[in-house]
Amino acid sequence: MKRLAYLWLKGQAVLWLLLGRNAQAMAVFEHMVQHFPQAAYPRASRAHMHAQAGRHAQALDDFDALLRLKPEDAHIWFNKGFVYEQLERWDEALAAFRRAAELSPKLDRAWYGMGLVLIRLQRHDEAIAALKRNTELQPMSPYGWYQLARVHVDRREPDEALKIIRHLKGFEPKVAAQLERETGLQAGASSA
């Protein structure tokens, strides 16, 4: 009976979300967290909604509770890192992203988040390593490549940035053009 009640509430919450009725969905998630405290889904959903609404302290509380339930869940660590990043709590964000990457080395978003935070901390060597790992895992996503090129420009390594711009021209010409505009570097055709 309890399982049916849980599924019924979950269905209601999903329906409210599909209808764009976030307040009603949040009310259902609140009810679910109270009545099913060991269930990860309602707490994770509530944490996500808190984060989206800028209620970072509540989101972090939920992520901490989730980590007590599932301490080895890389996605929870990533989400916690993302919230810390939004708060510009760089050291805590970095620790959370590192933990996510340790638990799930193929979680490309953790490597990307780590790279962004390391850039903010001006730890460019480490940022390059994290962003290279991100681009290995997501070679067709321009985001890691873009940030990697920017780090090379900041380090006064235009040749490395040009290699990346040429590479991007092969599959993301708009991003390559944006980098050319922003950096003043002009790359020829793709060599990739």
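Let's shift gears to the overall build of the protein. Secondary structure summary: the protein contains 11 helices and 0 strands in total. Seen along its three principal axes, the alpha-carbon backbone of the protein occupies a region of about 65 × 35 × 25 Å. In the protein, once contacts between residues fewer than 6 apart in sequence are set aside, the share between residues at least 24 apart is 42%.

Moving on, we get to the packing of aromatic side chains. Applying the stated criterion across every chain, the model contains 3 aromatic pairs. Judged by centre distance (5.2 Å) and plane angle (80 degrees), the rings of Y6 and F36 are edge-to-face. Pair noted here: Y6 is in helix α1 (residues 2–18) and F36 is in the loop between α2 (22–35) and α3 (40–52), with a separation of 30 residues, a long-range link. Pair check on accessibility: Y6 and F36 agree, each one buried. For the ring pair F29 and Y41, a centre distance of 5.9 Å and an interplane angle of 70 degrees mean the geometry is edge-to-face. Separated by 12 residues along the polypeptide, F29 in helix α2 and Y41 in helix α3 bring together distant segments of the chain. Just above the ring of Y41 sits the side chain of K10; from NZ or CZ to the centre is 4.4 Å. One cation-aromatic arrangement involves R109 over F78; the distance from NZ or CZ to the ring centre is 4.4 Å.

This paragraph deals with the packing of helix α9 (residues 142–154) against helix α11 (residues 173–183). Across the interface, α9 lies against α11 with an axial gap of 11 Å and an inter-helix angle of 20 degrees. When the axes of α9 and α11 are compared, the pair comes out roughly parallel. Once α9 is placed against α11, the crossing between them reads as right-handed. Across the interface between the two elements, P142, Y146, A149, R150 and V153 of α9 pack against V175, Q178, L179, E182 and T183 of α11.

The backbone of E88 sits at a positive phi, close to 60 degrees, despite the residue not being glycine. Residue placement: E88 occurs in the loop between α5 (74–86) and α6 (90–103). The backbone phi angle of R156 is positive, close to 60 degrees, even though this residue is not glycine. Looking at the element boundaries, R156 is found in the loop between α9 and α10 (158–169).

Turning next to the packing of α9 against α10. At a minimum axis distance of 8 Å, the contact between α9 and α10 shows a crossing angle of 155 degrees. By the angle between their axes, α9 is roughly antiparallel relative to α10. The handedness of the crossing between α9 and α10 is left-handed. Contacts from P142, W145, L148, A149, H152 and V153 in α9 reach E160, A161, I164, H167 and L168 in α10. Taken together, the residues of the contact of α9 with α10 sort by class into 8 nonpolar, 2 polar and 1 charged.

Count 3.6 residues to each turn of an α-helix, and residues three or four apart come out pointing the same way. Compared with an ideal rise of 1.5 Å per residue, which puts 13 residues at 18 Å, α9 spans 18 Å between its outermost C-alpha atoms and is within 8% of the ideal. Those residues of α9 that sit buried are P142, G144, W145, Y146, Q147, L148, A149, V151 and H152. Looking one or two places after α9, you find R156, whose phi comes out positive at around 60 degrees.

Core analysis: the biggest nonpolar cluster contains 46 residues, and F63, A100, M114 and L168 have the highest contact counts within it. The set of elements that each furnish at least two residues to this core consists of α4 (56–69), α5, α6, α7 (108–120), α8 (124–137), α9, α10 and α11. Broken down by element, this core gets its largest block of residues, 7 residues, from α6. Counting residues in hydrophobic clusters, the runner-up holds 11 residues, among them A25, F29, M32 and F36.

Following the sequence through the fold, Q147 ends up in helix α9. Owing to a relative accessible area of 17%, Q147 belongs among the buried residues under this scheme. Q147 has contacts with Y112, L116, I119 and L131, leaving out every residue within four places of it along the chain.

Reading the values: the criteria
- All residue numbers refer to positions counted from 1 along the written sequence of the respective chain.
- Predicted model: local features are reported for residues with pLDDT of at least 70 only, side-chain atom pairs are reported and counted for 80 or more only, and whole-chain, interface and lining totals are derived from all residues.
- With hydrogens and water excluded, all non-hydrogen atoms of the structure serve as input to the side-chain values.
- Each helix is a run of DSSP H or I of at least 4 residues and each strand a run of E of at least 2, with the numbering of both proceeding from the N terminus.
- We call two residues contacting when some pair of their heavy atoms lies within 4.5 Å.
- Only Phe, Tyr and Trp rings take part, Trp by its six-membered ring, and two of them pair if their centres are within 6.5 Å. Stacked means planes under 30 degrees apart, edge-to-face means over 60, and tilted covers everything else.
- Note on classification: 1.4 Å probe, protein chains only; a residue is buried when its accessible area is under 20% of the maximum for its type, exposed when over 50%, partly exposed between these limits.
- In this scheme, the term charge over a ring applies when either NZ of a lysine or CZ of an arginine sits within 6 Å of the ring centre and within 35 degrees of the ring normal.
- Between the N-to-C directions of two axes lies an angle of 0 to 180 degrees, each axis being a line fitted to C-alpha atoms and, for a helix, fitted only over the stretch in contact.
- For classification purposes, an angle smaller than 35 degrees is called roughly parallel, one larger than 145 roughly antiparallel, one from 65 to 115 roughly perpendicular, and anything else oblique.
- Helix crossings fall into two classes, left-handed where the near helix is turned counterclockwise from the far one by less than a right angle and right-handed where it is turned clockwise.
- Charged means Asp, Glu, Lys or Arg here, nonpolar means Ala, Val, Leu, Ile, Met, Phe, Trp, Tyr, Cys or Pro, and polar covers whatever is left, Gly included.
- Take the residue count of a helix, subtract one, and multiply by 1.5 Å to get its expected span.
- Think of a nonpolar core as a cluster: buried Ala, Val, Leu, Ile, Met, Phe, Trp, Tyr and Cys residues, connected wherever their side-chain atoms sit within 4.5 Å.

Read these as layout, nothing more, since geometry by itself doesn't imply function.
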